[in-house]
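# Descriptive analysis of the structure
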Amino acid sequence: ELRASLVVQIAADKAEMDRLEQLILKLLSEAGNDLLADDTLIVTLDQSKQTSASCAERMASADESMKEIDEVTETFRPVARRASILYFVVADLSNMDPMYQYSLQYF
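Since this is a predicted model, take the numbers as computed values, not measurements.

## Concerning the pattern of salt bridges
If charged atoms from side chains of opposite charge come close, those side chains can pair. Inspection of every chain in the model, using the stated rule, returns 3 salt bridges. Arg-58 is paired through a salt bridge with Asp-13; the nearest N and O atoms lie 2.8 Å apart. Note that Arg-58 is positioned in helix H2 (residues 39-96) and Asp-13 in helix H1 (residues 2-31), a separation of 45 residues in sequence. The class of Arg-58 is partly exposed, set by a relative accessible area of 32%. Since its relative accessible area comes to 5%, Asp-13 is described here as buried. Across the salt bridge formed by Glu-74 and Arg-77, the nearest N and O atoms sit 3.0 Å from each other. Of this pair, Glu-74 and Arg-77 both sit in helix H2, 3 residues apart, which is roughly one turn of the helix.

Dropping the structure here:
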């Protein structure tokens, strides 16, 4: 659940950064010769600087959280392997003796 929300957050941050980049490029192309006279461009650049800093912080914390989630996942991998072996052994018991395909409540 946390991993899925982190993936969504990272994707949203990347999309926001792309949107800001496209907006800045559009404003630069429309600015003409005097870039400093265009107030919209200056305000957009300031906003993009703040937004990119906050996105970078969120992405760094999300990467750290993803590493922690991966470490915890790897600690459970041996347990999952043993549980899957146990499941398939119990499922294959009916091949040895038909009695094992029914539960005790059946008898």
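## As for H1
With 30 residues, H1 extends 43 Å between its outermost C-alpha atoms, agreeing within 8% with the 44 Å of an ideal straight helix rising 1.5 Å per residue. Against H2 lie the buried residues of H1.

## Considerations on the packing of H1 against H2
Contact pair H1 / H2: the axes reach a minimum separation of 9 Å and the direction vectors enclose 160°. By the angle between their directions, the pair H1 and H2 is classed as roughly antiparallel. When the axes of H1 and H2 are compared, the crossing they make is left-handed. When grouped by side-chain class, the residues that make up the contact of H1 with H2 number 18 nonpolar, 7 polar and 7 charged.

About the cut-offs
Residues numbered from 1 in each chain as written. Predicted model: local features only at pLDDT ≥ 70, side-chain atom pairs only at ≥ 80, totals over all residues. Heavy atoms only, no water. Salt bridge = Lys/Arg side-chain N within 4 Å of Asp/Glu carboxyl O. Helix = DSSP H or I, 4+ residues; strand = E, 2+ residues; numbered from the N terminus. Buried < 20%, exposed > 50% of the residue type's maximum accessible area, 1.4 Å probe, protein only. Expected span 1.5 Å × (residues − 1). Contact = heavy atoms within 4.5 Å. Axes fitted to C-alpha atoms, helices over the stretch in contact; angles between N-to-C directions. Parallel < 35°, antiparallel > 145°, perpendicular 65-115°, else oblique. Left-handed = near helix turned anticlockwise from the far one by under 90°. Nonpolar A, V, L, I, M, F, W, Y, C, P; charged D, E, K, R; others polar.

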